[in-house]
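Each chain, written out:
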Amino acid sequence: MSPPSATSFTTDVVPQAPEDPLFGLMRAYRADQDPNKVDLGIGAYRDDNAKPWVLPVVKKADEVLRSDPDLNHEYAPIAGIPSFTSKAAELILGGADSPAIKEKRATSIQTISGTGAVHLGALFLSRFYPGTKKVYLSNPTWANHNQIFTNVGIPIAQYPYFSKETKGLDFEGMKSALLGAPDRSIILLHACAHNPTGVDPSLAQWKEIAAIMRQKSHFPFFDTAYQGFASGDLSKDNAAVRYFVEQGFELVVAQSFAKNFGLYGERAGCFHVVTSPAPDAENTITRIASQLAILQRSEISNPPLYGARIASTVMNDASLFAEWEDNLRTMSGRIISMRKALRSKLEELGTPGTWNHITDQIGMFSFTGLTEAQVLKIREDAHIYMTKNGRISMAGLNTKNVDYVAKAIDKVVREAQ
Ligand SMILES: Cc1ncc(COP(=O)(O)O)c(C=O)c1O
């Protein structure tokens, strides 16, 4: 008898996995001792002093919760806190007057932030979607989309999205890929502030996308992680989802409250299913909700309370809601002003190339067009950290470092000439 192996999980069975690139970047940044180092990798808001910002309205909501003598820590229902999920639905679907809400054609279930919502949606479709079980992701997309869908066994394909030439939308490429995809494919769409490019279709382009999706009977899977954070206006940032709902699409939405409430680690999110108008729509949505509850129970049993309680407190109080909108304008306004500052510094320096894309793009990220070699060089020379694809987080810029960053970009671009 051969000696027992010390482990069942030998290297050939469990090979070493690579570190998550974004978390690896954060680790390298933290270890860097240079006093001028700049973190442009981070997907979280920073104030003008490069510090995390707890929204003043979140502090107020926290006070409200803490001073509630009835507060306890019992389990939430499987589908989460109803006062949170109902307002979350109104927020993304276009208010209490949304036809999907009025006609009881929508169901919402609280999730572990946006990631959990994308996962639950992917899992639900992997079990129950009878159309083409293939999801089309934008090229590029938030890297986690690939693993989330792969993990539930839904094959992935890509549609062109970003034009390297214009640093804007490759709209023709996108449309022809959607037309070429098998009927009833699942199409993942970023509702606003596309990550990582910062490039969004215009409303007119969304209308064309919707027309193709209708023609091909594709299934829209919206991912919304930046509502209100992008333009500063909650109803501007949900325009695409609202349009699809108005058009009567059956669709799903994965919604994160990480960025727009600054509740990153609290994991507040929601997953919504909207079914098309039909005499039995209410019955359809009840059946779907029952299956989502089963999936949720086996995965997390019930969702975490704190972040959802904060968001619910704000969204259910008119004056706190107005203050939240003001906080959103503070965050989006600072980011927009950093876009303007970076562009104008690069133009002042006469940095080769065009830089209008910095202000044309929207949301937390900008796809600079820097190559991987330039990204590595700027990290080595100037201690500026960004992802290898040249994406920078605008939130990492501030009035103290924007000059330094512009000069460093100028230098690597010239060196590559
Ligand atoms: C496009 C997109 N979807 C979903 C998420 C989910 O984030 P979270 O799980 O932190 O809510 C993010 C966060 O970066 C994102 O950019």
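All values derive from a computational prediction rather than experimental measurement. (Residues numbered from 1 in each chain as written. Predicted model: local features only at pLDDT ≥ 70, side-chain atom pairs only at ≥ 80, totals over all residues. Heavy atoms only, no water.)

Student: What exactly am I supposed to notice about the sheet that holds strand E8 (residues 219-224) here?
Tutor: Within a sheet, adjacent strands bond to each other through the backbone by hydrogen bonds, running parallel or antiparallel. Overall, mixed pairing links the 7 strands, which are arranged E2-E10-E9-E8-E7-E3-E4 in an open sheet. The open sheet has two edge strands, strand E2 (106-112) and strand E4 (156-160), and neither has a second partner. Adjacent strand axes in the sheet meet at a mean angle of 25 degrees, parallel and antiparallel pairs treated alike. As paired strands, strand E3 (residues 135-139) and E4 are joined by 5 bridges and run parallel to one another. Note on E4: the bridge partner recorded for Val135 is Ile156. Contacts from helix H8 (residues 203-215) reach strand E7 (186-190) and E8, with the element oriented near 170 degrees to E7. (Pairing = 2+ DSSP bridges. Helix = DSSP H or I, 4+ residues; strand = E, 2+ residues; numbered from the N terminus. Axes fitted to C-alpha atoms, helices over the stretch in contact; angles between N-to-C directions. Contact = heavy atoms within 4.5 Å.)

Student: Whenever I open this one, the packing of aromatic side chains confuses me. Can you help?
Tutor: The geometry of an aromatic ring pair is captured by the separation of the ring centres together with the interplanar angle, meaning the angle of the planes. Evaluation of the coordinates by the stated rule reveals 20 aromatic pairs. Among the aromatic residues, those joined into a cluster by ring pairs are Tyr45, Trp53, Tyr226, Phe229 and Phe365. In this structure, Lys37 is placed above the aromatic ring of Tyr29, and the distance from its NZ or CZ to the ring centre is 4.4 Å. Here the basic side chain of Arg214 rests over the ring of Phe249, its NZ or CZ set 4.3 Å away from the ring centre. (Phe/Tyr/Trp six-rings, centres within 6.5 Å; stacked < 30°, edge-to-face > 60°. Lys NZ or Arg CZ within 6 Å of the ring centre and 35° of its normal.)

Student: I'm lost on the side chain of Thr387 in this one. Help?
Tutor: Along the chain, Thr387 falls in the loop between strand E12 (384-385) and strand E13 (391-393). Among the polar contacts made by the side chain of Thr387, one reaches the main-chain carbonyl oxygen of Arg391 at a distance of 3.4 Å. Once you skip the residues sitting within four places of it in the chain, Thr387 turns out to touch Leu22, Leu25 and Val375. (Polar contact = N/O pair within 3.5 Å; in protein donor to acceptor, adjacent residues only side chain to side chain.)

Student: I would appreciate a short explanation of the domain arrangement of the protein in the present structure.
Tutor: Many structure descriptions define interface size as the accessible area lost when the parts assemble. In terms of domains, the protein is made up of domain 1 (21-54 + 333-415) and domain 2 (75-316). Domain 1 and domain 2 are separated by 29 Å when their C-alpha centres are compared. Listed by partner, the interface residues are 17 residues for domain 1 and 16 residues for domain 2. Approximately 1300 Å² of surface area, both sides summed, lies buried where domain 1 meets domain 2, with 66% of it carried by carbon and sulfur atoms. (Domains from an automatic or database assignment. Buried area = accessible area lost by both parts, 1.4 Å probe.)

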